[in-house]
Amino acid sequence: MSKLYSRLAILLFLVTSCASSKKAKFEDYVFKTKSEEQKYQTAYNKALKLWDIPYTEENVKTSFGTAHVIIAGPKNGKDLVLLHGMDASSTMWYPNIKTLTKNHRIYAIDFIMEPNKSHLTAKPLSSEEIVIWYNKIFDHYKLKKFDIIGASRGGWIAVLLAIQKENSIDKIVLLSPAQTFKFIDKPRKTSSALLLKLFPSEKKFSKTLKTFSTHPEKISPIYNRQFYLANKYAKSNSSMLKMMPFSDKELESINNPILILIGDKDVINSEESLERAQKHLSNSKTKIIKDAVIDFLE
């Protein structure tokens, strides 16, 4: 990890540590005010309509808080869990959802420690607690031998779930998984995302989209509005700094069929990531997607 990325990571940690030292109610873990939350939720609801297919929204109560799950697709289809990218929420699947629901019963889960419709009522979760939280949701829906797609941070979480000795995962697809096989490939370019998180503005947001996307103009402005508000209003947290690449031993414990896709201009992963995946994942396939729209919407 370069010196620049290290400095930015330290800065983010210091800022978020100071923020967390203030007294805050757990029910306000993500948003600072109710007004900000309402504006974000309105943008979320508008973005979710981009799915343009029948779906239902459900809330699952857990000991850590409420999990928001969007369900779509044929009831007799194979179960498929979708794990979104950082701060992107489950609405991010709108470009792919019609294809994904042709043969699958979709369960799109909002990550509980980010801006979306899940609601954390406990302290920030450890990696072990994240596993427990997702398993509570899988148990609730009686999911067995299900497939899973994880994008960016969601890809890291998918691997975290897959390395557990007891899991019910069948096939896995990773879309440019962040911090999974190696640290971020191009930290200088990704610094715009960290600066956006620390000092949100529409100008920085636009710059970040151009950094992570080959064709930012193809991304819906309705979705962009929601994604921007996620960065503008949500409290920053240091959980991303705890996402360390998995060890050789951990990767080698995964026997599931696993497909890893990255973009040809990906700033999160490079061919080195794919080489490490091929070396340590016994049942893996890798592919570089040309002209990808954005790293988590490939």
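The shown structure was predicted, so the numbers you read here are calculated from the model rather than taken from an experiment. By convention here, each chain's residues receive numbers from 1 onward along its written sequence. Note on the predicted model: pLDDT of at least 70 is required for a residue's local features to be given, and 80 or more for side-chain atom pairs to be given and counted; whole-chain, interface and lining totals, by contrast, use all residues. Side-chain numbers here rest on the full set of heavy atoms in the structure, without hydrogens or water.

**As for the confidence of the model for the chain**
Then, number 1: Mean pLDDT over the chain: 86, with 83% of residues reaching 70 or higher.
Then, number 2: Ignoring residues within four places in sequence, the model shows residues 1-26, a span with pLDDT below 50, making 29 contacts including any to other chains.
Then, number 3: Below a pLDDT of 50 lies the segment residues 294-298, which in the model reaches 26 contacts outside its immediate sequence neighbourhood of four places, other chains included. Every residue is assigned a pLDDT by the predictor, reflecting its confidence on a scale from 0 to 100. Any two residues having at least one pair of non-hydrogen atoms within 4.5 Å are treated as being in contact.

**Some thoughts on the packing of helix H4 (residues 127-140) against helix H5 (residues 153-162)**
When two helices pack together, their arrangement is given by the angle between their axes and by how far apart the axes lie.
Then, number 1: Note on geometry: axes are C-alpha line fits, over the in-contact stretch for helices, and angles between N-to-C directions span 0 to 180 degrees. Only DSSP runs of H or I with at least four residues qualify as helices, and only runs of E with at least two residues qualify as strands; both kinds are numbered from the N terminus onward. Here H4 crosses H5 at 85°, and the two axes come no closer than 10 Å. In terms of axis orientation, H4 runs roughly perpendicular to H5. Only Trp156, Ile157, Leu160 and Leu161 of H5 make contact with H4, whose side of the interface consists of Ser127, Ile130, Val131, Tyr134 and Phe138.
Then, number 2: Here the contact of H4 with H5 is built from residues that sort into 8 nonpolar, 1 polar and no charged. Every angle not falling under 35 degrees, over 145, or within 65 to 115 is termed oblique; those three ranges are roughly parallel, roughly antiparallel and roughly perpendicular. Put simply, Ala, Val, Leu, Ile, Met, Phe, Trp, Tyr, Cys and Pro go in the nonpolar bin, Asp, Glu, Lys and Arg in the charged bin, and everything else, Gly too, in the polar bin.

**Looking at a positive patch on the surface**
Then, number 1: Note on patches: the residues involved have over 30% relative accessible area and no salt bridge, like charges join within 9 Å, and the nonpolar side chains Val, Leu, Ile, Met, Phe, Trp and Tyr join within 5 Å. Per-residue accessibility takes into account occlusion by the displayed protein chains alone, with areas from the Shrake-Rupley method and a 1.4 Å probe. When a carboxyl oxygen of Asp or Glu lies within 4 Å of a side-chain nitrogen of Lys or Arg, that pair is called a salt bridge. Under this rule, positive means Lys or Arg and negative means Asp or Glu; His and the chain ends count for nothing. A charge is said to be at NZ when it belongs to Lys, at CZ for Arg, at CG for Asp and at CD for Glu. On the surface, a cluster of positive charge is contributed by Lys39, Lys46, Lys49, Arg225 and Lys232.
Then, number 2: Tracing the backbone shows arginine 225 in helix H8 (residues 221-233).
Then, number 3: Exposure is judged per residue with a 1.4 Å probe applied to protein chains only, and the accessible area is read against the type maximum: over 50% gives exposed, under 20% gives buried, and values in between give partly exposed. Residue classification places arginine 225 among the partly exposed residues on the basis of a relative accessible area of 45%.

**As for the packing of helix H2 (residues 34-48) against H8**
Then, number 1: Taken N-terminus to C-terminus, the directions of H2 and H8 make an angle of 155°; their axes are 8 Å apart at the nearest point. One finds that H2 runs roughly antiparallel with respect to H8. The interaxial crossing formed by H2 with H8 has left-handed handedness. On the side of H2, the interface is formed by Glu36, Lys39, Tyr40, Ala43, Tyr44, Lys46 and Ala47, while H8 contributes Ile222, Tyr223, Arg225, Gln226, Leu229, Ala230 and Tyr233. Helix crossings get a hand from a simple test, with the near helix turned counterclockwise from the far one by less than a right angle marking a left-handed crossing and a clockwise turn marking a right-handed one.

**A few points about H8**
Then, number 1: Every helix has an expected span of 1.5 Å times one less than the residues it contains. If you check H8, its first and last C-alpha atoms are 18 Å apart, about what 13 residues at 1.5 Å a residue would give, namely 18 Å.
Then, number 2: Buried within H8 are the following residues: Tyr223, Asn224, Gln226, Phe227, Tyr228, Leu229, Ala230, Asn231 and Tyr233.
Then, number 3: Looking at where H8 begins, the residue whose side-chain oxygen comes 3.1 Å from the main-chain nitrogen of isoleucine 222 is serine 220. In protein, a polar contact means a hydrogen-donor-capable atom and an acceptor-capable atom, both N or O and within 3.5 Å, with residues adjacent in sequence counting only if both atoms are side-chain atoms; elsewhere, any N or O pair within 3.5 Å suffices.

**Quick word on the nonpolar core**
Then, number 1: Only buried Ala, Val, Leu, Ile, Met, Phe, Trp, Tyr and Cys residues count toward a nonpolar core, and they belong to the same one when joined by side-chain atoms within 4.5 Å. With 89 residues, the main nonpolar core has Trp51, Trp133 and Tyr134 as its most contacted residues.
Then, number 2: Per element, the largest residue contribution to this core is 7 residues, and it comes from H5.
Then, number 3: Among residues more than four places away in sequence, those in contact with tryptophan 133 are Thr62, Phe64, Gly65, Ala67, Ile109, Asp110, Phe111, Ile112, Ser118 and Leu125.

**Regarding the side chain of aspartate 170**
Then, number 1: Following the sequence through the fold, aspartate 170 ends up in strand S7 (residues 169-175).
Then, number 2: What makes aspartate 170 buried here is its relative accessible area of 15%.
Then, number 3: Polar side-chain contacts of aspartate 170 include one of 2.5 Å to the side chain of lysine 78.
Then, number 4: Among all residues touching aspartate 170, those that are not within four sequence positions of it are Lys78, Lys145, Phe146, Asp147, Asn256 and Pro257.

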